[in-house]
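Read off the chains here:
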Amino acid sequence: MKKNFLILFLLFIACKGGNKNLNPPQTIQGNDSLVQVKVESIPLEFISKIPDFELPLGNIYLLKTIFPSKFGLPLETDEDGAYLNLKSDVFTKKIQSITDTWKKISNTDGFNYTLTIEDSLKYSMYSNFGKQVVRENYEFIGKIKNKDYIILLGKHTSDNALNSYNFINIVTVSVDGVIIDDLILYKQEFDYVSSYSTFSFMDNQMIVSSKNFFAIEGEYSCEKKERHKIAYDGKFIRYYDKNGNYKNEIEEGLVKNNTREGPWVEKKMNTYVNDFTYLEAHFEDGKPVGEWSYFVFKYKRNSEGQADLSTATKSALLYTEMYKDGEMIKRDLVND
């Protein structure tokens, strides 16, 4: 059972583009079916009603704690399947403290507004792959204004019998209310035996540090760590502490001005093809530009059934994407 949920988890987290789902209009052309999303705006009169919030936002434990890749204690059950073991290790207690902080923020009352959401995959690990356009209700609970854009704090919840979730997003809009971009700050998603969580800490410089956790039957995995900053135009781009050449097990490239620049390589799960791919990407000032090429990534699985990417090799070209001004404008599939 654990392997099945792990596979679902990997499919969910690795969609390229990460936390972006409220982007300005784009037409995806080529072998894809066309998807057109109209410009989405929030009235300034509505925004003026939203209370201000202050930084920092979140729990500092998230930054101060170095979580191991695996932690927690497996839950014990009696003959009827009831859980008996409620003990927590030190890292699980940190998670509980961080969760309590975000639950307190989530309990803040706000103002409701319905937005057009492109790609509902973001909202459930059991969603069908592919692009969808749906209407979702947000409750905005805070804002920060500066001269170039407005930052909104919004929450979105669902209490489905099979899968429930709580989200808090940070949404950037222009000074005239047009939505620019968004990023998940907090997420708790549950089913019967597992959960997937994102926790963030936003500091006074508006640097967002996020960590993702997957839990099943009391045992946690710290799966993903990323940092973002807000660019001059209100878009979220990756942030790195140090400039120069960067490399880890899943990505490598040049960091300039604390963000991605030039050619980058990513080796990640790709939900568009439902498998790991080898990506050759290009960035300018942290934003995707030019042609991106996705290749077959041949790998073997270890004894636990997980993909071993350390010996994986790049193979045939699968498809390409074209980016302009940080947005995808075309996708072309390679014919067999």
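Notes on the structure in this doc start here. (Residues numbered from 1 in each chain as written. Predicted model: local features only at pLDDT ≥ 70, side-chain atom pairs only at ≥ 80, totals over all residues. Heavy atoms only, no water.)

## Description of the environment of Asp 52
Turning to step 1, where the next piece is worked out: One can find Asp 52 in the loop between helix H2 (44–49) and helix H3 (61–64).
Turning to step 2, where the next piece is worked out: For Asp 52, a relative accessible area of 62% gives the class exposed.
Turning to step 3, where the next piece is worked out: Put simply, Asp 52 and Lys 145 are 93 residues apart on the chain and 8.4 Å apart in space, counted from C-alpha to C-alpha. (Helix = DSSP H or I, 4+ residues; strand = E, 2+ residues; numbered from the N terminus. Buried < 20%, exposed > 50% of the residue type's maximum accessible area, 1.4 Å probe, protein only.)

## Let's talk about the packing of aromatic side chains
Turning to step 1, where the next piece is worked out: In the structure shown here, the tally under the stated rule is 23 aromatic pairs.
Turning to step 2, where the next piece is worked out: Relative to Phe 213, the ring of Phe 71 lies with its centre 6.1 Å away and its plane at 80°, an arrangement referred to as edge-to-face. Residue Phe 71 is found in strand S2 (residues 70–72), and its partner Phe 213 is found in strand S9 (residues 208–216); the two are separated by 142 residues along the sequence.
Turning to step 3, where the next piece is worked out: For the ring pair Tyr 278 and Phe 295, a centre distance of 6.4 Å and an interplane angle of 70° mean the geometry is edge-to-face. Placement of the pair is Tyr 278 in strand S15 (residues 275–284) and Phe 295 in strand S17 (residues 290–301), with a sequence separation of 17 residues. (Phe/Tyr/Trp six-rings, centres within 6.5 Å; stacked < 30°, edge-to-face > 60°.)

## Observations regarding a nonpolar patch on the surface
Turning to step 1, where the next piece is worked out: A cluster of nonpolar side chains, Ile 60, Tyr 61 and Leu 63, forms an exposed patch at the surface whose accessible area comes to about 240 Å².
Turning to step 2, where the next piece is worked out: Position of Leu 63 among the secondary structure elements: in helix H3.
Turning to step 3, where the next piece is worked out: Given a relative accessible area of 39%, Leu 63 falls into the partly exposed group. (Patch = residues over 30% accessible without salt bridge, like charges linked within 9 Å, V, L, I, M, F, W, Y side chains within 5 Å. Areas by Shrake-Rupley, 256 points an atom, 1.4 Å probe, with all protein chains shown as cover. Salt bridge = Lys/Arg side-chain N within 4 Å of Asp/Glu carboxyl O.)

## Examining the pairing of strand S13 (residues 251–256)
Turning to step 1, where the next piece is worked out: Strand direction decides the pairing type here: strand S12 (residues 244–247) and S13, joined by four bridges, are antiparallel. Bridge assignment links Tyr 246 to a residue of S13, and that residue is Gly 253.
Turning to step 2, where the next piece is worked out: Hairpin connection, S13 to strand S14 (residues 259–270): the antiparallel pair is bridged by two residues, and Asn 257 has positive phi, about 55°. (Pairing = 2+ DSSP bridges.)

## Focus: the pattern of salt bridges
Turning to step 1, where the next piece is worked out: The tally for this structure, following the rule as stated, stands at 16 salt bridges.
Turning to step 2, where the next piece is worked out: Linking Glu 139 and Lys 155 is a salt bridge whose minimum nitrogen-to-oxygen distance equals 3.8 Å. Highlighted residues: Glu 139 in strand S4 (residues 133–145) and Lys 155 in strand S5 (residues 149–159), separated in sequence by 16 residues.
Turning to step 3, where the next piece is worked out: With a closest N to O distance of 3.6 Å, Glu 226 and Lys 224 form a salt bridge.
Turning to step 4, where the next piece is worked out: A relative accessible area of 15% places Glu 226 in the buried class.
Turning to step 5, where the next piece is worked out: Members of the salt-bridge network, linked through shared partners, are Lys 224, Glu 226, Arg 238, Glu 251, Arg 260, Glu 266 and Lys 268.

## A closer look at the environment of Leu 254
Turning to step 1, where the next piece is worked out: On the secondary structure map, Leu 254 appears in strand S13.
Turning to step 2, where the next piece is worked out: For the pair formed by Leu 254 and Phe 283, sequence separation is 29 residues and the distance between their alpha carbons is 9.6 Å.

## Things to note about the pairing of strand S7 (residues 179–190)
Turning to step 1, where the next piece is worked out: With 11 of 12 residues buried, S7 is to be regarded as a mostly interior element.
Turning to step 2, where the next piece is worked out: Pairing analysis gives 10 bridges linking strand S6 (residues 164–174) to S7, with the strands arranged antiparallel. Across the sheet, residue Ile 170 finds its bridge partner in S7, namely Leu 183.
Turning to step 3, where the next piece is worked out: Connecting the antiparallel pair S6 and S7 is a turn made up of four residues, with Gly 177 showing a positive phi of about 95°.
Turning to step 4, where the next piece is worked out: Bridge analysis of S7 against strand S8 (residues 194–202) gives four bridges, and the strand direction is antiparallel. From the neighbouring strand, Phe 190 faces S8, where its bridge partner is Ser 195.

Function cannot be inferred from these measures alone, as they are strictly geometric.
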